[in-house]
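A closer look at the structure
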Amino acid sequence: MAFLDPSLAERDPEIARLISEENKRELESMRLIASENYASRAVMDATGSCLGNKYSEGYPRKRYYEGQAVIDQVEELAIARLKQLFGGASGVAPDSFHVNVQPYSGSPANLAVYFAFLQPGDVVMGLGLPAGGHLTHGHTVSITGKYFKSVPYGVRREDHRIDLDEVRKLAKEHRPKLLWCGTTAYPRTIDFAAFRSIADEVGAILAADIAHISGLVCGGAHPSPIGVADVVTSTTHKTFRGPRGGMIFCKKEHAAAIDKAVFPGLQGGPHNHATAGIAVAAHEALQPEFKAYARAVVDNAKVLAQALVERGFTVTTGGTDNHLMLLDLTNKGVPGKVAAQALDKAGVVLNYNSVPFDPRKPFDPSGLRLGTPAVTSRGMGKAEMLAIAGWIDRVVAAPADAALLETIAGEVREVCAKFPAPGIRVG
Ligand SMILES: *Cc1c(COP(=O)(O)O)cnc(C)c1O
């Protein structure tokens, strides 16, 4: 037994040191990657628990292994809380829809939708990757673009907003079996009802992927697709602020198809530790503080976008309705990657990103994507958003100025020191 007793620091100082370095980095930098967040200490405790030791293939009360007395309760609690939370935010009865919390992450959740409803070669429509869509919505390099016939739609050239007229026209022409709405780099509200009417016109299954915005949806800061779309998928680790994982909501009539697609269709044993973390995150999201957080994420994004516009940045669509924004750096004469790498050195962490109709390549695009969930979870507000805009402006003006980047990194550290990061202890 003694062999398995030592703590991480005693057993494996190398990994312990790397974790403590990452703790420090996460504490001392501005986390502006739109898909990232800080899970709470409670979520991390549940996720790091013994529940990860247990095998539970199947669903509560229908398992293929014994010893499920506790696990069944954990999964049922996660589902019940999500029904209460998302039912409440969607204005529908908690028992009017089905929830599956077993997908290992957002991508497997989306694959389950294909497996539940499509045959190889069937037509799928989703927002194209260059316009802000996700790989799993039919992109050519993804299994979803290789095994299905993908017809991507885009955004309008004039205002970079989703072109619903084009969606309708393409849907009528190609008759998709599955229509995706939901995005990974799109700063505006998704009109779920409009997608519903297009799906109805062509007899398509409507799937809403709210991976990025599920925390805004259940926090009342973005309209909900539940009760509108046939299926709703999400990650659990982005604005929702849970552990890494996935979840699927669907109409009751699709419950059996979705459950079968997740297990045994795509996965084996569920990650019970993640399920417990999701239950804790749902419990947190049911508290009044979460609504305030969701609202503040959007308020912060609007302040940051406006401050960047005032500094001469091109913010696509002119601003944001949600937690993220896209900057087109063409007028600044700096490629996205050069800016992102310089900002990283200055402690401002975000990602380079294609902008709509980007003339540059995806691995070296024109833009930056940044979002406010993580900094909002730290309690930052308007003053910090204005400071961030100032740092971005100074770095983009002189990305090769090593002394400047170092100076700014110091300023960033100073501000970060005033805002403890949820879930992170150093030492
Ligand atoms: C992040 C994301 C996913 C995939 O989630 P992973 O957990 O990274 O697999 C799917 N769809 C959208 C829209 C996303 O933004």
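This text follows the structure it describes.
Presented here is a report on the structure given in the accompanying data block. (Residues numbered from 1 in each chain as written. Predicted model: local features only at pLDDT ≥ 70, side-chain atom pairs only at ≥ 80, totals over all residues. Heavy atoms only, no water.)

**Some remarks on the pairing of strand β9 (residues 231-235)**
Condition: Partly exposed residues are those whose accessible area sits between 20% and 50% of the maximum for their type, while under 20% is buried and over 50% is exposed, using a 1.4 Å probe and protein chains only. Counting from the N terminus, the helices are the DSSP runs of H or I reaching at least four residues and the strands are the DSSP runs of E reaching at least two. Strands were regarded as paired on the criterion that DSSP finds at least two bridges between them.
Judged by how many residues are buried, β9 sits mostly within the fold: 5 of 5 residues are covered. Here 3 bridges tie strand β8 (residues 205-209) to β9, and the two strands are oriented parallel to one another. The residue bridging A207 from the neighbouring strand is V231, located in β9.

**Let's talk about the site of the ligand**
Selection criterion: When we say a residue is near a molecule or strand, we mean one of its heavy atoms is within 4 Å of it. In protein, a polar contact means a hydrogen-donor-capable atom and an acceptor-capable atom, both N or O and within 3.5 Å, with residues adjacent in sequence counting only if both atoms are side-chain atoms; elsewhere, any N or O pair within 3.5 Å suffices. Values of accessible area rely on a 1.4 Å probe in the Shrake-Rupley scheme; residue burial ignores everything except the protein chains shown.
The environment of the ligand is formed by 13 residues, the closest being S105, S107, T184, D209 and K238. The side chain of T184 places a nitrogen or oxygen atom 2.9 Å from an oxygen atom of the ligand. At 3.4 Å, a side-chain N or O of H237 approaches an oxygen atom of the ligand. Burial of the ligand by the surrounding chains reaches 88%, relative to a free accessible area of 380 Å².

**Here's the deal with the sheet that holds strand β7 (residues 178-181)**
The line we're drawing: Any two residues whose heavy atoms approach within 4.5 Å at even a single point are treated as in contact. Note on definitions: angles span 0 to 180 degrees between N-to-C directions of axes, and those axes are lines fitted to C-alpha atoms, for helices only across the stretch in contact.
One open sheet accounts for 7 strands, arranged β4-β10-β9-β8-β7-β5-β6; its pairing is mixed. The outermost strands of the open sheet, each flanked by one partner alone, are β4 (97-100) and β6 (149-150). Here 4 bridges tie β4 to strand β10 (residues 246-251), and the two strands are oriented antiparallel to one another. Considered in β10, the bridge of F97 is made with K251. Seen against the sheet, helix α4 (residues 69-90) touches β4 and β10 and runs at an angle of roughly 130° to β4.

**Quick notes on the layout of surface pockets**
Under the convention used in this document: Space inside and on the surface of the protein is sampled on a 1 Å grid over the protein atoms alone, with a cavity defined as a set of points where a 1.4 Å probe fits but cannot get out and a pocket as an open set with protein on both sides within 12 Å along at least 5 of 7 lines; lining residues have an atom within 4 Å of a point. Grid points are joined across faces, edges and corners, and a volume is the space filled by probe spheres set on the points. Ten residues, namely Ala, Val, Leu, Ile, Met, Phe, Trp, Tyr, Cys and Pro, are considered nonpolar, four, namely Asp, Glu, Lys and Arg, are considered charged, and the remaining ones, Gly among them, are considered polar.
Roughly 830 Å³ of volume is contained in the largest pocket. N37, A39, H237, G242 and R244 are, among the 37 residues lining the largest pocket, the residues nearest its centre. When residues of the lining of the largest pocket are traced back to their parent elements, those giving at least two are α2 (13-28), α3 (41-47), α5 (106-117) and β9. Top element by residues in the lining of the largest pocket is α3. It accounts for 5 residues. When grouped by side-chain class, the residues that make up the lining of the largest pocket number 10 nonpolar, 17 polar and 10 charged.

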